[in-house]
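# Breakdown of the fold
Okay, here's what each chain looks like letter by letter:
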Amino acid sequence: MVKDFDGATRYLTLTSLDEALKIFQGQFSCIPGIIKIPVQNSSGRITAEAVLSPLSIPAAHLSAMDGIAVNSAETAGATDQNPLTLANFKRVNTGNVIPDGFDAVIMIEDVMEQNGSYQIFAAAHSWQHIRPVGEDIAETEMVIPSLTRIRPVDIGAMISYGVPEVPVLDLKIALIPTGSEIIPVGTKPLPGQVIESNMYMASAMLSEAGVSVTHYPIIPDDLDKIRDVVKKAAETHDVVIISAGSSKGTKDFTAQVIEELGSVIIHGIAIKPAKPVILGKINCRPVIGMPGYPIACHTILREIVVPLLSWYGFTIPEPQSIPVQLASALHSSIGTDEFVLTTVGKIHDDWIASPLSRGSGVQMSMVRANAYLKIPSAQEGLEAGEKTTAYLTVSPSVAEQVVMITGSHDPVIDHLANLIRPSGIQIASLHVGSMGGLLTLKRGYCHLAPMHMLAEDGQYNIPYLQKYFPGEELVLICVAERVQGMVSRDSLDFDALTTHRFINRQRGSGTRMLLDHLLKQKGIVSGQIDGYDREATTHLGVCLAVKSGDADLGMAVYSAAHSFSLSFIPVGVERYELVTTRKLYESDSRIRAIADLIQTPEFKRVLTELGGYEIEKTGVIRRCG
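This is a predicted model, so every value here is computed, not measured.

For the rest of this paragraph, the subject is the overall build of the chain. Across its full length, the chain holds 17 helices and 40 strands. Here the C-alpha atoms of the chain give a radius of gyration of 34 Å, more than 25% beyond the 25 Å that 2.2 N^0.38 yields for 625 residues. With respect to the principal axes defined by its C-alpha atoms, the chain has extents near 115 × 70 × 45 Å. Per-residue burial over the chain gives 48% buried out of 625 residues. Considering only intrachain contacts with a sequence separation of at least 6, the fraction spanning at least 24 residues in the chain is 75%. Across the chain, 52 positive and 67 negative side-chain charges occur, with their mean positions spaced 7 Å apart.

What follows deals with the side chain of Thr 343. Structurally, Thr 343 can be placed in strand β26 (residues 337–347). Side-chain polar atoms of Thr 343 contact the backbone oxygen of Arg 368, separated by 3.3 Å. Non-local contacts of Thr 343, meaning those with residues more than four positions away in its chain, are made with Ile 352, Ala 353, Ser 354, Leu 356, Arg 368, Ala 369, Asn 370, Val 402, Met 404 and Ala 428.

Tallied over the full model, the rule gives 6 aromatic pairs. For the ring pair Phe 24 and Phe 28, a centre distance of 5.2 Å and an interplane angle of 85° mean the geometry is edge-to-face. By relative accessible area, Phe 28 is classed as buried at 10%. For the pair Phe 24 and Trp 311, a centre-to-centre distance of 6.2 Å together with 65° between the ring planes defines the contact as edge-to-face. Of the two residues, Phe 24 sits in helix α1 (residues 17–25) while Trp 311 sits in helix α6 (residues 294–311), which places them 287 residues apart along the sequence. Take Trp 311: its relative accessible area is 16%, and that puts it in the buried class. Here the aromatic cluster, defined as three or more aromatic residues joined through ring pairs, consists of Phe 24, Phe 28 and Trp 311. Directly above the aromatic system of Tyr 372 lies the positively charged group of Arg 302, at a separation of 3.8 Å from the ring centroid. One residue, Lys 442, lies across the ring of Phe 469, its end atom 5.4 Å from the ring centre.

Glancing now at the confidence of the model for the chain. Predicted confidence across the chain gives a mean pLDDT of 93, with 97% of residues reaching 70 or more. Note on residues 1–10: pLDDT under 50 across the span, and 18 contacts to partners over four residues away in sequence or across chains.

The next thing to look at is the sheet that holds strand β18 (residues 212–215). Across the sheet, 6 strands lie side by side as β18-β15-β19-β23-β22-β20; this open sheet has mixed pairing. This sheet does not close on itself; its edge strands, each paired only once, are β18 and β20 (263–267). Mean inter-strand twist for the sheet, computed between neighbouring axes without regard to direction, equals 20°. Its contacts with the sheet place helix α4 (residues 223–236) against β15 (172–177), β19 (239–243), β22 (278–282) and β23 (285–290), and it is angled at close to 170° to β15. The sheet contacts of helix α5 (residues 254–261) involve β19, β20, β22 and β23, and relative to β22 the element is tilted by about 30°.

This part is about the nonpolar core. Formed by 52 residues in total, the largest nonpolar core has its most connected members in Leu 465, Leu 578 and Ile 594. Element by element, the count of residues in this core is highest for strand β34 (residues 474–488), at 6 residues. When residues no more than four places from it in sequence are discounted, the contact partners of Leu 578 are Ile 405, Ile 413, Leu 416, Leu 448, Ala 449, Pro 450, Val 475, Leu 476, Ile 477, Val 479, Ile 594 and Ile 598.

The interhelical angle for the contact between helix α3 (residues 198–208) and α6, taken along N-to-C directions, is 30°, at an axis separation of 10 Å. One element, α3, and the other, α6, form an angle in the roughly parallel class. Handedness of the crossing formed by α3 with α6: right-handed. Taking contact as the criterion, the partners of Asn 198, Met 201, Ala 202, Met 205 and Leu 206 in α3 are, on α6, Pro 294, Cys 297, His 298, Leu 301, Val 305, Val 306 and Leu 309. Its residues assigned to classes, the contact of α3 with α6 shows 10 nonpolar, 2 polar and no charged.

The next point concerns the sheet that holds strand β7 (residues 84–86). Read from one edge of the open sheet, 3 strands run β7-β11-β10, paired in antiparallel fashion. The sheet is open, and its two edges are formed by β7 and β10 (111–114), each paired on a single side. Shown here is a sheet whose adjacent strand axes are inclined to one another by a mean of 35°, direction ignored. Two strands pair when backbone bridges link them, and β7 and strand β11 (residues 117–120) are joined in this way by 3 bridges, in the antiparallel orientation. Within the sheet, the bridge partner assigned to Thr 85 lies in β11 and is Gln 119.

Let us now look at the packing of α4 against α5. Packed helices, taken two at a time, are described by the angle their axes make and the gap between the axes. The interhelical angle for the contact between α4 and α5, taken along N-to-C directions, is 50°, at an axis separation of 10 Å. In terms of orientation, α4 and α5 fall into the oblique class. Crossing hand, α4 versus α5: right-handed. On α5, the residues touching Leu 223, Ile 226, Arg 227, Val 230 and Lys 231 of α4 are Gln 256, Val 257, Glu 260 and Leu 261. Considered class by class, the residues forming the contact of α4 with α5 number 5 nonpolar, 1 polar and 3 charged.

With that settled, consider the pairing of strand β14 (residues 165–170). Here β14 lies mainly inside the structure; 5 of its 6 residues are buried. Here strand β3 (residues 33–38) runs beside β14; their pairing, made up of 6 bridges, is antiparallel. Counterpart to Lys 36 in the pairing with β14 is Pro 167.

A few words on the pattern of salt bridges. The final tally for this structure, using the stated rule, is 21 salt bridges. Notably, a salt bridge pairs Arg 482 with Asp 410, separated by 2.4 Å at the nearest N-O pair. Here Arg 482, found in strand β34, pairs with Asp 410, found in the loop between β31 (402–407) and α9 (412–420); they are 72 residues apart in sequence, far enough to count as distant. Relative accessible area serves as the criterion here: at 1%, Asp 410 is assigned to the buried category. Its salt-bridge partner being Arg 582, residue Glu 473 comes within 2.8 Å of it at the nearest N-O pair. Highlighted residues: Glu 473 in the loop between α11 (462–468) and β34 and Arg 582 in helix α15 (residues 582–587), separated in sequence by 109 residues. A network of salt bridges, in which partner residues are shared, links Arg 45, Asp 170 and Lys 172.

Glancing now at the side chain of Thr 178. Checked against the element boundaries, Thr 178 lands in the loop between β15 and β16 (182–183). Of the polar contacts made by the side chain of Thr 178, one reaches the backbone oxygen of Ser 243; its length is 2.9 Å. Of note is the side chain of Thr 178, whose polar atom sits 3.4 Å from the backbone oxygen of Ala 244. Ignoring any residue separated from it by four or fewer positions in sequence, one finds Thr 178 in contact with Ile 219, Ile 226, Ile 242, Ser 243, Ala 244 and Gly 245.

What follows covers a nonpolar patch on the surface. Together, Val 185, Ile 195 and Tyr 200 make up a nonpolar patch on the protein surface, roughly 270 Å² of accessible area in all. Along the chain, Ile 195 turns up in strand β17 (residues 194–195).

Calculation rules
- Chains are numbered independently. Their residues run from 1 in the order of the written sequence.
- Reporting in this predicted model follows two pLDDT cut-offs: at least 70 for local features of residues, and 80 or more for side-chain atom pairs to be given and counted; totals over whole chains, interfaces and linings ignore these cut-offs and use all residues.
- Only hydrogens and water are removed before side-chain values are computed, so all heavy atoms of the structure are retained for them.
- Starting at the N terminus, helices and strands are each numbered in turn, a helix being any DSSP run of H or I of at least four residues and a strand any DSSP run of E of at least two.
- What the globule rule says is 2.2 Å times the number of residues to the power 0.38, and the radius of gyration is computed from C-alpha atoms.
- We call a residue buried when its accessible area falls under 20% of the maximum for its residue type, exposed when it is over 50%, and partly exposed in between, using a 1.4 Å probe and counting protein chains only.
- The contact criterion used throughout is that any non-hydrogen atoms of two residues lie within 4.5 Å.
- We score Asp and Glu as negative and Lys and Arg as positive, and we do not count His or the chain ends.
- Where a charge lies is defined by one atom per residue type: Lys uses NZ, Arg uses CZ, Asp uses CG and Glu uses CD.
- Here a polar contact is recorded for every N or O atom pair within 3.5 Å, except that within protein the pair must consist of a potential hydrogen donor and a potential acceptor, and residues adjacent in sequence are included only if both atoms are side-chain atoms.
- A pair of Phe, Tyr and Trp rings is counted when the ring centres sit within 6.5 Å of each other, with Trp represented by its six-membered ring. The angle between the planes then sorts it: under 30 degrees is stacked, over 60 is edge-to-face, the rest tilted.
- Ring-over charges, as used throughout, are those where CZ of Arg or NZ of Lys falls within 6 Å of the ring centre and within 35 degrees of the ring normal.
- pLDDT: the predictor's confidence for each residue, scored from 0 to 100.
- Strand pairing is assigned whenever DSSP identifies at least 2 bridges connecting the two strands.
- Orientation is described by axes fitted as lines to C-alpha atoms, over the contacting stretch for helices, and by angles from 0 to 180 degrees between their N-to-C directions.
- Think of a nonpolar core as a cluster: buried Ala, Val, Leu, Ile, Met, Phe, Trp, Tyr and Cys residues, connected wherever their side-chain atoms sit within 4.5 Å.
- Angular relationships are summarised with four words: roughly parallel below 35 degrees, roughly antiparallel beyond 145, roughly perpendicular across 65 to 115, and oblique for the angles in between.
- Should the near helix be turned anticlockwise from the far one by less than a right angle, the crossing is termed left-handed; should it be turned clockwise, right-handed.
- Note on residue categories: nonpolar means Ala, Val, Leu, Ile, Met, Phe, Trp, Tyr, Cys or Pro, charged means Asp, Glu, Lys or Arg, and polar means any other residue, Gly included.
- In the sections that follow, a salt bridge refers to a side-chain nitrogen of Lys or Arg positioned within 4 Å of a carboxyl oxygen of Asp or Glu.
- Residues forming no salt bridge and having over 30% relative accessible area are the ones grouped into patches, like charges within 9 Å of each other and nonpolar side chains (Val, Leu, Ile, Met, Phe, Trp, Tyr) within 5 Å.
- In this description, accessible areas are obtained by the Shrake-Rupley approach with a 1.4 Å probe, and a residue is regarded as covered only by the protein chains that are shown.

Below, the structure is given as structure tokens:
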């Protein structure tokens with residue numbers, strides 16, 4: 001360790017993930033507790049022992065049919081030509097106990113009643129239509145083995161078989177959130193404050209795994225208070241997980257507390273995100289210190305906590321791996337295993353993976369992701385188009401319903417995704433600008449590309465498509481003609497570009513193209529604009545920067561400005577279309593379903609309510625090529 005100028009220590013060496021898990025596991029016996037709980041409360045828990053039936057079901061020989069119970073020996077010789085009238089029989093219904101002296105049942109449909117007697121036309125064999133004692137399960141027979149996750153069907157069976165309680169593995173885990181900037185759920189954060197969410201995410205995952213969780217209140221950055229809570233938690237729990245304070249800042253006390261109460265086994269693992277994770281031991285119990293960033297927390301739960309649970313017998317299904325092709329390049333550092341959240345979807349017969357933002361604080365990446373990738377420590381990264389392996393966090397059938405929409409951003413795409421969801425289709429949108437979407441579609445890495453690219457001749461989209469897709473047939477679905485304008489807090493118009501702070505859209509976006517077109521018309525050069533090179537990737541990002549005072553004005557669609565209650569002065573109307581190839585349009589029913597939805601009155605009503613959209617051409621399909 002070394003000390004920085006601010007007195008904080010920094011680690012210089014990192015342990016590989018595989019080695020860290022091996023070292024950590026070797027420190028503990030990993031023997032869980034065992035408790036008995038009522039069967040009806042056991043869903044999702046892990047059996048500690050084999051569950052044996054105390055009863056035989058059925059407990060007596062039962063009739064499997066409505067009919068008559070008979071002695072099979074007395075039915076010998078009965079045929080269609082030589083029917084036999086029985087004197088010794090007993091009328092029974094399905095589920096009735098078979099009376100003593102009888103060993104078969106003849107269905108009521110196969111007999112003829114005459115004056116209180118029954119005539120039969122075929123001999124019965126022994127045990128015909130009888131459910132014998134223990135046919136379902138015999139006394140002492142195993143219902144479910146040990147180390148089995150209890151399902152609803154298991155609960156129903158155990159109750160039917162007279163099992164009142166079931167022994168299950170018991171692992172008590174303490175979750176301790178720390179940090180003076182962390183505030184409770186339900187509290188509105190001030191700048192610099194963060195609502196405590198990591199431990200709720202951890203609690204949900206652990207509870208689903210069948211673990212007993214204690215979620216402690218937030219502890220501020222106070223060494224003594226953190227030490228007291230961790231000490232008590234380690235005395236009453238099997239595992240302690242501490243959120244935040246694992247880095248080496250001046251107020252990061254987790255490592256110091258673990259060292260004072262026990263020992264730090266490993267501080268710093270060669271994984272990204274979550275490099276500062278701490279693995280320690282207090283009272284011979286595992287203690288894990290996690291960074292406070294949500295994606296780092298998520299990575300530790302998946303890559304460290306899940307293996308730890310398996311050491312105690314808590315099995316969690318392995319994620320299904322699929323071969324994927326990368327839609328964009330991923331750069332990584334040698335010596336570190338990097339985990340990248342991604343959206344995967346199937347285009348024709350190939351799985352495509354679009355990596356999401358890798359910032360540790362970008363929590364929406366976890367929400368949008370349906371898979372993750374691993375870049376091994378020996379690789380510097382992965383190239384666009386390269387084949388690799390993705391690990392699904394949803395079922396394959398769910399992932400196969402993803403339609404990847406990559407290109408220009410508009411808030412209405414979220415509304416489109418919401419409206420199409422009841423049909424089972426899931427839209428995954430990635431905002432890379434109109435040109436980025438066009439190139440993604442050309443490479444075959446998305447289903448639909450939203451764009452609004454203004455050409456020199458005043459046409460939208462088709463001139464660019466003809467240039468980049470020569471000879472290929474394309475389908476353009478008009479979402480709407482939308483109004484673009486200047487957004488501000490003070491009713492600033494286009495002329496204010498040269499006198500106020502501006503925030504631009506990213507290079508290649510349709511909005512940036514429209515801006516440059518208007519600047520050329522007015523004879524304004526980009527160097528005259530303060531903030532021309534400052535970029536936001538969405539209309540909402542522009543409006544947020546203006547709303548927060550980071551910029552005085554920007555260019556966005558009306559619906560975005562309206563959602564932030566900003567002033568909006570129109571500068572032009574543009575055609576916003578979803579583009580796909582003819583081959584995809586004709587072969588993929590999901591794309592046609594989206595096109596059909598855009599044509600509905602319901603979708604047009606959404607556009608009208610949002611405002612700033614002209615719907616005369618909404619749903620119109622154009623073709624080019």
